[in-house]
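Remarks on the overall topology
Spelled out from the first residue to the last, the chains are:
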Amino acid sequence: LNPGCVKTATRFPSRRAGVFNGDMALRVLMVGRKHEDWVADGIRRYEKRLKKPFDLSWVSIPHSARESDAARKEESERLLAKLGSDYVILLDERGKAITSPALAKTLQKPLDNSRSVTLIIGGAYGVDQSVHDRADFVWSLSPLVFPHQLVRLILAEQIYRAQEIAGGRPYHHE
């Protein structure tokens with residue numbers, strides 16, 4: 001693991017320029033800087049427990065220097081350029097709220113069909129309609145808005161929880 005807990009694209013041999021093209025895996029595509037130390041520590045806690053195909057890779061897209069709509073458009077174009085034929089889950093507070101067992105099923109279905117999953121965390125201004133249109137599923141962690149660093153940590157825990165639910169292990173209690 002490199003500093004900041006961001007895994008590089010070289011981890012998967014069939015990935016070119018950050019675009020997935022065949023390895024079944026989970027990838028988080030995010031706008032912003034590397035993980036802050038407190039987030040990296042928490043993410044590492046869950047990453048140590050993740051096993052294929054639920055292991056995560058993190059790909060960071062730089063923030064736009066622009067503002068508002070111009071930033072949203074530029075960042076959205078950068079995000080779309082990194083997508084191949086992956087099953088895409090966009091995190092958005094206006095998306096659909098689902099339970100942890102439903103998330104496990106949502107992640108497992110494309111993996112069972114030999115399709116990688118990319119989860120997208122947009123920038124401060126969100127993403128434009130083109131990313132919403134490309135998303136196979138728009139997921140809301142909550143109607144509340146969270147700092148993006150915190151979303152990364154929550155996401156890592158929820159991926160671990162989904163892995164345990166899919167494996168029938170007792171981490172999750174209903």
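Positions within a chain are numbered from 1, following the residues in the order the chain's sequence is written. Per-residue local features are limited, in this predicted model, to residues with pLDDT of at least 70; the limit for side-chain atom pairs, both in listing and counting, is 80 or more; totals at the level of whole chains, interfaces and linings are taken over all residues. The side-chain quantities take in all heavy atoms of the structure and omit both hydrogens and water.

Remarks on the overall build of the chain
Short version of the rule: Numbering goes from the N terminus for both helices and strands, where a helix is a DSSP run of H or I of at least four residues and a strand is a run of E of at least two. Accessible area is worked out with a 1.4 Å probe on protein chains only. A residue is then buried under 20% of its type maximum, exposed over 50%, and partly exposed in between. By definition in these notes, contact holds between two residues if any of their heavy atoms fall within 4.5 Å. In these tables, accessible area is a Shrake-Rupley quantity obtained with a 1.4 Å probe, and a residue counts as shielded only by the protein chains included in the view.
Within the chain, the secondary structure is distributed over five helices and five strands. Ordering the α and β elements of the chain from the N terminus gives β-α-β-α-β-α-β-α-β-α. Burial analysis of the chain (174 residues in total) assigns 47% to the buried set. Long-range contacts, defined as pairs at least 24 residues apart, comprise 81% of the intrachain contacts of the chain with a sequence gap of at least 6. Just so you have it, the chain exposes about 8800 Å², and 53% of that area is on carbon and sulfur atoms.

Here we look at the packing of helix H3 (residues 100-112) against helix H5 (residues 148-166)
Geometrically, a packed helix pair is captured by the angle between its two axes and the distance between the axes. The condition is simple: All axes are obtained by fitting lines to C-alpha atoms, using only the stretch in contact for helices, and the reported angles, taken between N-to-C directions, cover 0 to 180 degrees. Working rule for angles: under 35 degrees goes down as roughly parallel, over 145 as roughly antiparallel, 65 to 115 as roughly perpendicular, anything else as oblique. Classes in brief: Ala, Val, Leu, Ile, Met, Phe, Trp, Tyr, Cys and Pro nonpolar; Asp, Glu, Lys and Arg charged; the others, Gly included, polar.
Taken N-terminus to C-terminus, the directions of H3 and H5 make an angle of 80°; their axes are 8 Å apart at the nearest point. The angle between the axes of H3 and H5 places the two elements in the roughly perpendicular class. Packed against H3, whose contacting residues are Ser 100, Pro 101, Leu 103, Ala 104, Leu 107 and Gln 108, the element H5 presents Gln 158, Ile 159, Arg 161, Ala 162, Ile 165 and Ala 166 at the interface. Considered class by class, the residues forming the contact of H3 with H5 number eight nonpolar, three polar and one charged.

Concerning the sheet that holds strand E3 (residues 87-97)
What holds strands together in a sheet is hydrogen bonding between their backbones, with the strands either parallel or antiparallel. Quick note on the threshold: At least two DSSP bridges between two strands are needed for those strands to be called paired.
Reading across the sheet, the five strands line up as E2-E1-E4-E3-E5 and stay open at both edges, with parallel pairing between neighbours. Of all the strands in the sheet, just strand E2 (56-61) and strand E5 (137-140) have a single pairing partner and so form its edges. Along the sheet, successive strands turn relative to each other by an average axial angle of 30°, direction set aside. The strands touched by H3 are strand E1 (26-31), E3, strand E4 (117-121) and E5; relative to E3, the strand with the most contacts, the crossing angle is about 160°.

Here's the deal with the packing of aromatic side chains
The following threshold applies: Pairing of aromatic side chains here covers Phe, Tyr and the six-membered ring of Trp, requires ring centres within 6.5 Å, and sorts the geometry by plane angle: under 30 degrees stacked, over 60 edge-to-face, intermediate tilted. By definition here, charges over rings are those cases where NZ of Lys or CZ of Arg is within 6 Å of the ring centre and within 35 degrees of the ring normal.
Counted by the stated rule, this structure contains two aromatic pairs. Seen in terms of ring centroids, Tyr 46 and Tyr 160 are 5.9 Å apart; in terms of plane orientation they differ by 40°. Their pairing is tilted. Within this pair, whereas Tyr 46 is found in helix H1 (residues 37-47), its partner Tyr 160 is found in helix H5, the two being separated by 114 residues in sequence. With a centroid separation of 4.7 Å and an interplanar angle of 75°, the aromatic rings of Tyr 160 and Tyr 171 are classed as edge-to-face. Remark: Tyr 171 occurs in the segment after H5 and Tyr 160 occurs in helix H5; sequence separation between them is 11 residues. Site record: aromatic cluster; members linked through ring pairs are Tyr 46, Tyr 160 and Tyr 171. Sitting over the ring of Tyr 160, Arg 49 keeps its end group 5.3 Å from the ring centre.

With respect to the confidence of the model for the chain
Our working definition: Each residue carries a pLDDT score, the predictor's own confidence in it, on a scale running from 0 to 100.
On average, residues of the chain score 86 in pLDDT, and 86% of them are at 70 or above. Counting contacts from residues 1-22, a segment whose pLDDT is below 50, to residues more than four positions away or on other chains yields 61 contacts.

Looking at H3
Stated formally: Helices are assigned an expected span. That span is 1.5 Å times one less than the residue count. N or O atoms within 3.5 Å of each other form a polar contact, as long as, within protein, one can give a hydrogen and the other can take it, and as long as residues adjacent in sequence are counted only when both atoms are side-chain atoms.
The terminal C-alpha atoms of H3, which comprises 13 residues, lie 18 Å apart, in line with the 18 Å expected from a rise of 1.5 Å per residue. What H3 keeps buried is the set Ser 100, Pro 101, Leu 103, Ala 104, Thr 106, Leu 107, Pro 110 and Leu 111. Elements in contact with the buried residues of H3: E1, E3, E4, E5 and H5. Sitting at the amino-terminal end of H3 is Thr 99, which places a side-chain oxygen 3.1 Å from the backbone nitrogen of Ala 102.

Points about the nonpolar core
We count it as follows: In this text, buried Ala, Val, Leu, Ile, Met, Phe, Trp, Tyr and Cys residues form a nonpolar core when linked through side-chain atoms within 4.5 Å.
Grouped together as the largest cluster of nonpolar side chains are 29 residues, with contacts concentrated most on Leu 107, Leu 119 and Ile 159. Elements with a contribution of two residues or more to this core: E1, H1, E2, E3, H3, E4, E5 and H5. The dominant element in this core, judged by the number of residues it contributes, is H5, at seven residues. In this view, Leu 119 contacts Arg 27, Val 28, Leu 29, Ile 89, Leu 91, Trp 139, Leu 155 and Ile 159; residues no more than four positions away in its chain are not counted. If you look at the next biggest cluster of nonpolar residues, it comprises 12 residues, including Leu 83, Val 88, Leu 90 and Ile 120.

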